[in-house]
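Secondary and tertiary structure notes
Chain residues, written in single-letter form:
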Amino acid sequence: MTATTAQPTANAFSAGILPRGATWAVLGGSWLVMGAVFGIFAASGLTTGFNIVGAVFLGTVLFDVLLYLFSRRVEGPRRAKDRLITSLVTTAFIIALLPLISLAWIVMSDGIARFDPTFFTQSMRNITGGGGGALHAIIGTLLVTLLAALISVPIGLLTSIYLVEYGRGMLARGITFFVDVMTGIPSIVAGLFAYALFALFAGPAIRSGFMGSVALSVLMIPVVVRSSEEILRLVPNELREASYALGVPKWLTILKIVLPTSLAGLTTGVTLAIARVIGETAPLLIVCGFTTSMNYDVVEDRMMTLPVFVFTQYTQAAGADAQAAVERAWAGALTLIIIVMLLNLIARLIARAFAPKSGR
Amino acid sequence: MTTGTAEVLRTRTRVRLGDRVFSISTVVAGTIILAVLAAVAIFLILQSLPAVFAQPGTLPSDAVNFWAYVWPFVFGTLWAAFLALIMATPLAIGIALFISHYAPRRVSQVLGYIIDLLAAIPSVVFGLWGITTLAPFVQPFYSWLTEVAGWFPLFAGPVSGTGRTILTAAIVLAVMVIPIMTAICREVFLQTPRLHEEAALALGATRWEMVTMAVFPFARSGIISAIMLGLGRALGETLAVAMVLSPAVIVKFAVLQAQSPNTIAANIALQFPEATGLSVNALIASGLVLFVVTLLINVLARYIVSRRKTFSGAN
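Residues numbered from 1 in each chain as written. Chains lettered and ligands numbered in written order. Predicted model: local features only at pLDDT ≥ 70, side-chain atom pairs only at ≥ 80, totals over all residues.

1. Some words on the overall build of chain B
- Counting its regular elements, chain B contains ten helices and two strands.
- Listing the helices and strands of chain B from first to last along the sequence gives α-α-α-α-α-α-α-α-β-β-α-α.
- Its C-alpha atoms give chain B a radius of gyration of 25 Å, clearly above 20 Å, the size a compact globule of 315 residues would have.
- Looking at chain B as a whole, 49% of its 315 residues qualify as buried.
- Contacts in chain B between residues far apart in sequence, at least 24 positions, make up 80% of those at least 6 positions apart. (Helix = DSSP H or I, 4+ residues; strand = E, 2+ residues; numbered from the N terminus. Rg over C-alpha atoms; globule rule 2.2 N^0.38 Å. Buried ≥ 20, exposed ≤ 12 C-beta atoms within 10 Å, placed from the backbone. Contact = placed C-beta atoms within 7 Å.)

As structure tokens, then:
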């Protein structure tokens with residue numbers, strides 16, 4: 001350190017580097033500034049209410065720009081570019097969170113209005129104004145999804161066993177490829193398929209819950225196959241070999257060794273697959289139709305399902321009773337999200353509780 | 001070995017029987033999947049033949065033939081999906097990078113779960129959100145955009161008063177395809193050889209330079225297939241578009257006007273419950289077109305991925 005040193009830095013290593021915590025300070029500052037700006041807007045009556053989404057978003061953009069300028073001044077262009085990308089990448093993540101938060105908020109705040117006992121104990125039969133409920137839709141969703149699971153779980157599970165334990169050659173490769181392709185079938189096409197299949201035998205006016213189950217199975221089977229296949233491949237080969245060495249036949253090895261070992265993973269996969277199809281709307285709209293009455297018979301007559309209930313309540317809301325219908329739609333959406341999230345939670349809990357304890 | 005041969009033979013036969021029944025049932029299950037896929041194609045073709053060879057004037061919306069009928073919807077589908085991907089691709093790559101290379105290691109898995117939550121939300125709820133929250137929220141931006149950039153054909157006025165335009169639908173679509181694109185990108189980014197990354201860092205590269213030099217070249221094909229899988233999802237998405245868009249049978253690029261081109265899937269969902277006779281066949285035929293397009297895109301995407309590693313969007 002000579003007297004001619006231009007910069008009286010305390011620490012030579014931190015020269016030319018933004019101080020620790022500068023990033024957070026700039027971020028917090030930007031949010032505060034934009035929050036203040038929007039707060040002034042709200043106070044002056046320019047906007048209706050405080051726009052938190054806009055404040056966070058514009059604040060983050062301001063942060064990106066400011067941090068780049070600071071860093072370019074202190075650290076030079078290469079470091080500045082690195083910081084810019086870091087903040088942009090973080091911004092991308094925050095942008096993705098915004099719709100999630102906004103959606104969760106509005107579903108909760110608007111859905112709670114009709115989230116009452118009546119909603120779960122009544123159907124929409126003979127109801128024109130307020131009141132009424134979604135019991136018929138909830139029952140319909142449960143029946144249709146249960147039946148879809150009954151169809152697709154055995155097929156999916158057996159197929160994944162084939163792929164892992166037996167499959168060699170062209171057939172196995174073909175199945176793997178087409179299962180992957182099947183994951184990309186648009187859900188509405190699955191609905192059209194179920195319709196085309198049944199309309200051939202029963203005429204064009206046919207609608208039933210079972211058709212919905214067939215359509216959902218088309219969407220569910222590939223998911224079950226992929227997840228089970230992955231889980232079965234995780235079973236250590238030593239277990240199979242030990243079983244063979246004891247003279248146990250292959251099919252018993254699979255039934256008594258491989259499947260019990262991977263049971264938790266398989267259950268998780270199936271639960272996630274159910275969670276994925278339970279919210280499907282488009283195929284059910286086509287093949288289950290809609291009704292206002294209870295229907296416990298899956299092969300006869302139209303059957304209401306929860307997603308279709310949400311759709312019809314919203315789109316058919318009109319006139320003086322529109323508000324009641326829209327509130328029912330939101331309550332239905334809240335119920336649907338709760339069901340899906342519960343299924344996801346259960347799947348994760350199963351996966352965690354029964355995770356393989358081997359020291360792999 | 002010294003026990004009776006009959007007993008040995010009997011055990012063998014019994015073993016073979018169980019094995020055979022079990023292995024055959026697994027093969028049957030696998031074949032059912034192939035049969036279902038074939039059945040999807042066959043039944044759709046059977047039901048759509050009447051519409052494809054329909055007489056002029058019998059199709060809905062007074063189309064001269066089936067291709068003239070389906071063209072506006074094909075255009076709307078491709079245009080909405082394209083707009084969605086323009087928005088979703090950079091975001092998905094950014095999020096995947098954030099989770100794989102930027103976020104602290106301890107929280108990155110939780111962040112991945114949060115993004116996956118987006119994928120768990122049913123499309124009808126997205127539709128409801130799009131029409132009640134997003135459309136009114138973006139409408140002021142739209143009218144500002146037509147005032148400032150109205151000379152540019154895409155943003156030409158008159159602006160939609162409700163915000164229910166194809167751009168809003170594309171935003172909802174983008175939100176819906178981001179999880180699957182992120183999941184695949186994240187997985188490929190994580191597979192980048194550690195040595196490449198460390199070598200780049202050791203040479204003095206900043207983190208961004210390391211990403212451009214080591215991660216992106218390695219992950220290029222993965223990113224491409226993620227884009228194509230997202231495209232397949234966006235093409236087939238139904239309810240969100242059906243609820244958000246205020247549809248018309250029209251071909252135009254302007255994204256902010258009240259009358260927007262409808263997509264195939266949304267058109268089917270809206271028209272099918274009331275359709276009868278030949279219009280049912282026409283809708284199924286348009287579904288077949290959608291099926292073929294998504295099938296081609298998915299096959300291509302899977303081909304690109306399968307050259308690399310075995311993972312799919314299904315898990």
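2. Looking at the overall build of chain A
- The number of helices and strands found in chain A is 14 helices and zero strands.
- Shown N-terminal to C-terminal, the secondary structure of chain A runs as helices and strands in the order α-α-α-α-α-α-α-α-α-α-α-α-α-α.
- Rg of the C-alpha trace for chain A: 28 Å, well past the compact-globule value of 21 Å for 360 residues, more than 25% over.
- Considered along the principal axes of its C-alpha atoms, chain A spans approximately 95 × 75 × 35 Å.
- Within chain A, the proportion of its 360 residues that are buried is 46%.

3. Observations regarding the domain arrangement of chain A
Residue and element names in this part refer to chain A.
- Its domain assignment divides chain A into domain 1 (17-113) and domain 2 (121-353).
- The interface of domain 1 with domain 2 comprises five residues on the first partner and six residues on the second.
- Its residues assigned to classes, the side of domain 1 that touches domain 2 comprises three nonpolar, one polar and one charged. (Domains from an automatic or database assignment. Nonpolar A, V, L, I, M, F, W, Y, C, P; charged D, E, K, R; others polar.)

4. Points about the environment of Thr26(B)
- When you line up the elements, Thr26(B) lands in helix H1 (residues 5-52).
- Once residues lying within four places of it in the same chain are set aside, the contact partners of Thr26(B) are Leu158(A), Thr159(A), Ile161(A), Tyr162(A) and Tyr166(A).

5. Details of the interface of chain B and chain A
- Tallying the contact residues gives 68 residues for chain B and 73 residues for chain A.
- Residue assignment for the side of chain B that touches chain A shows that the elements contributing at least two residues are H1, helix H2 (66-102), helix H3 (105-120), helix H4 (123-149), helix H5 (166-190), helix H7 (207-236), helix H9 (264-271) and helix H10 (278-306) of chain B.
- It is H1(B) that contributes the most residues to the side of chain B that touches chain A, 20 residues altogether.
- Classifying every residue of the side of chain B that touches chain A gives 46 nonpolar, 19 polar and three charged.

6. Overview of the domain arrangement of chain B
- Taken domain by domain, chain B holds domain 1 (1-38) and domain 2 (71-306).
- Computed from C-alpha coordinates alone, the two centres of domain 1 of chain B and domain 2 of chain B are separated by 47 Å.

7. A few points about the UniProt feature "transmembrane region" (unreviewed entry) in chain A
- Feature annotation in UniProt assigns "transmembrane region" (unreviewed entry) to the following positions: residues 21-43, 49-71, 83-108, 134-163, 175-198, 204-225 and 329-351 of chain A.
- The annotated region residues 21-43 of chain A carries 96% helix and 0% strand content, and the separation between its end C-alpha atoms amounts to 32 Å. (UniProt positions renumbered as here; feature names shortened; annotations may be inferred.)

8. A look at H2(B)
- Over its 37 residues, H2(B) runs 51 Å from end to end, which matches the ideal 54 Å to within 8%, given 1.5 Å per residue.
- Where H2(B) bends most, at Ala88(B), the angle is about 30 degrees, and the proline Pro90(B) comes one to four residues later. (Expected span 1.5 Å × (residues − 1). Bend = angle between axes of the 7 residues up to and from the residue.)

9. Section: the UniProt feature "domain: ABC transmembrane type-1" (unreviewed entry) in chain B
- Here the UniProt-annotated "domain: ABC transmembrane type-1" (unreviewed entry) positions come out as residues 74-301 of chain B.
- Span residues 74-301 of chain B is 76% helix and 2% strand, its end C-alpha atoms 20 Å apart.

10. Focus: the confidence of the model for chain B
- The pLDDT averaged across chain B works out to 84; a share of 92% of its residues lies at or above 70.
- Scoring of the predicted complex yields 0.85 for pTM and 0.83 for ipTM. (pLDDT = per-residue confidence, 0-100.)

11. Section: the UniProt feature "domain: ABC transmembrane type-1" (unreviewed entry) in chain A
- According to UniProt, the "domain: ABC transmembrane type-1" (unreviewed entry) feature falls on residues 138-347 of chain A.
- Helix makes up 78% of residues 138-347 of chain A and strand 0%, whereas the separation of the span's terminal C-alpha atoms amounts to 21 Å.

12. Points about helix H11 (residues 263-278) of chain A
- Along its 16 residues, H11(A) runs 22 Å from first to last C-alpha, staying within 8% of the 22 Å computed at 1.5 Å per residue.
- In terms of burial, H11(A) is a largely internal element, 13 of the 16 residues being buried.

13. Describing the nonpolar core
- Formed by 194 residues in total, the largest nonpolar core has its most connected members in Phe193(A), Ala84(B), Ile95(B), Leu173(B), Ile178(B) and Ala269(B).
- Here the element with the most residues in this core is H5(B); it accounts for 19 residues.
- Those residues in contact with Leu173(B), other than ones at most four positions away along the chain, are Ala80(B), Ala81(B), Ala84(B), Ala234(B), Glu237(B), Ala240(B) and Val241(B). (Core = buried A, V, L, I, M, F, W, Y, C linked by C-beta atoms within 7 Å.)

14. Points about the packing of H3(B) against H5(B)
Residues and elements named next belong to chain B.
- At a minimum axis distance of 7 Å, the contact between H3 and H5 shows a crossing angle of 140 degrees. Between H3 and H5, the angle is such that the two are oblique. Crossing handedness for the pair H3 and H5: left-handed. Contact with H3, carried on its side by Gly112, Ile115, Asp116, Leu118 and Ala119, involves Val175, Ile178, Pro179, Ile180, Thr182 and Arg186 of H5 and no other residues of that element.
- Considered class by class, the residues forming the contact of H3 with H5 number seven nonpolar, two polar and two charged. (Axes fitted to C-alpha atoms, helices over the stretch in contact; angles between N-to-C directions. Parallel < 35°, antiparallel > 145°, perpendicular 65-115°, else oblique. Left-handed = near helix turned anticlockwise from the far one by under 90°.)

15. Brief notes about the packing of helix H8 (residues 209-234) of chain A against H11(A)
Residue and element names in this part refer to chain A.
- It is the contact of H8 with H11, at a shortest axis distance of 9 Å, that shows an interaxial angle of 155 degrees. Here H11 runs roughly antiparallel to H8, going by the angle between their axes. As for the relative orientation of H8 and H11, their crossing is right-handed in sense. Contacts between H8 and H11 involve Leu216, Leu219, Met220, Val223, Val224, Ser227, Ser228, Ile231 and Leu234 from the first element and Gly265, Leu266, Gly269, Val270, Leu272, Ala273, Arg276 and Val277 from the second.
- The residue makeup of the contact of H8 with H11, split by class, is twelve nonpolar, four polar and one charged.

16. Structural notes on the UniProt feature "transmembrane region" (unreviewed entry) in chain B
Residue and element names in this part refer to chain B.
- With numbering matched to this structure, UniProt assigns "transmembrane region" (unreviewed entry) to residues 21-46, 66-99, 111-135, 141-159, 166-190, 210-231, 238-258 and 278-301.
- As annotated, residues 141-159 has a helix share of 47% and a strand share of 0%, and its two end C-alpha atoms lie 10 Å apart.
- Regarding residues 278-301, the helix share stands at 100% and the strand share at 0%, and the terminal C-alpha atoms are separated by 35 Å.

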